[in-house]
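Structural overview
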Amino acid sequence: GENVEQHPSTLSVQEGDSAVIKCTYSDSASNYFPWYKQELGKGPQLIIDIRSNVGEKKDQRIAVTLNKTAKHFSLHITETQPEDSAVYFCAASKAGFQKLVFGTGTRLLVSP
Amino acid sequence: EAGVAQSPRYKIIEKRQSVAFWCNPISGHATLYWYQQILGQGPKLLIQFQNNGVVDDSQLPKDRFSAERLKGVDSTLKIQPAKLEDSAVYLCASSTVSGRNYEQYFGPGTRLTVT
């Protein structure tokens, strides 16, 4: 079955810096890759996703890149703000309505 | 639109007791998922429903866990009897297949502590 690895497990940056989180997946049939932000005591919230027919997608300060050949995808957050502090999860699935296999999470801390 | 609703938000039980969780998905979402999130880990799918039929329950410990989705709307997840290792957050999510919009939306979760 699918296996998703995520790095780093923790990431500390200064406000205004950029943050990059990387994930690799094992199943070449996976074609949907969402990123979720989870704040303390809350459920995961979708922040951006990418499908396998696209190499990059941006939404304001957030971007995701996908390299299907290498089977890895990354989340880029620019101009980080303290409110970006949370746990971020990558995930993969063979289609959007099939089960998501999650990475182990990255705890991002943005210091003022 | 209203999000995914779950109750209770917290539950503390002793091992070998039973517990049930309730989920109300976003209106119109045909697909419903239950995930288990152990502290420090990513969510793991337990069971997926399409309307009121089970699509995937391969990772559901069927000797103690059960789930149902009556009338294709609300769902309940039950654990009987609970073990210490069942301590986790149980997340419910829903999605709809409409064109290219099939994102999964999560509820706030139920935090279960088994003592």
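Look above for the structure.
Here the structure is a predicted model, which is why all the values come from computation and not from measurement.

Section: the overall build of chain B
What chain B contains, in helices and strands, is zero helices and 11 strands. Starting at the N terminus and ending at the C terminus, chain B contains elements arranged as β-β-β-β-β-β-β-β-β-β-β. By the compact-globule yardstick of 13 Å for 115 residues, chain B fits well, its C-alpha radius of gyration being 14 Å. Per-residue burial over chain B gives 44% buried out of 115 residues. The long-range share in chain B, meaning contacts at least 24 apart out of those at least 6 apart in sequence, stands at 53%.

Thoughts on the interface of chain B and chain A
Tallying the contact residues gives 24 residues for chain B and 20 residues for chain A. Buried surface at the junction of chain B and chain A, both sides included, amounts to about 1700 Å², of which 51% is carbon and sulfur. The interface formed by chain B and chain A includes zero salt bridges. Counting across the chain B and chain A interface gives four residue pairs in polar contact (both at pLDDT 80 or more).

Examining the pattern of salt bridges
This model, assessed by the stated rule, comprises eight salt bridges over all chains. For A:D27, the salt bridge is made with A:K94, and the minimal N-O distance between the two is 3.2 Å. Taken together, the residues A:D27 in the loop between strand 3 (19-25) and strand 4 (32-38) and A:K94 in the loop between strand 9 (86-92) and strand 10 (101-102) connect sequence positions 67 residues apart. Taking the shortest distance from any N to any O, the salt bridge between B:D86 and B:R64 comes out at 2.5 Å. Taken together, the residues B:D86 in the loop between strand 8 (75-79) and strand 9 (88-95) and B:R64 in the loop between strand 6 (53-56) and strand 7 (65-68) connect sequence positions 22 residues apart. By the burial criterion, B:D86 is buried, and B:R64 matches it.

What about the sheet that holds strand 1 (residues 5-7) of chain B?
Residues and elements named next belong to chain B. With respect to topology, four strands assemble into an open sheet ordered 1-3-8-7, the strand pairing being antiparallel. Of all strands in the sheet, those bounded by a partner on one side alone are strand 1 and strand 7. Strand-to-strand twist of the sheet, defined as the mean angle between neighbouring strand axes without regard to direction, takes the value 15°. Sheet topology note: the strand 7/strand 8 ladder contains four bridges and is antiparallel.

Rules behind the numbers
Residues numbered from 1 in each chain as written. Chains lettered and ligands numbered in written order. Predicted model: local features only at pLDDT ≥ 70, side-chain atom pairs only at ≥ 80, totals over all residues. Heavy atoms only, no water. Helix = DSSP H or I, 4+ residues; strand = E, 2+ residues; numbered from the N terminus. Rg over C-alpha atoms; globule rule 2.2 N^0.38 Å. Buried < 20%, exposed > 50% of the residue type's maximum accessible area, 1.4 Å probe, protein only. Contact = heavy atoms within 4.5 Å. Buried area = accessible area lost by both parts, 1.4 Å probe. Salt bridge = Lys/Arg side-chain N within 4 Å of Asp/Glu carboxyl O. Polar contact = N/O pair within 3.5 Å; in protein donor to acceptor, adjacent residues only side chain to side chain. Pairing = 2+ DSSP bridges. Axes fitted to C-alpha atoms, helices over the stretch in contact; angles between N-to-C directions.

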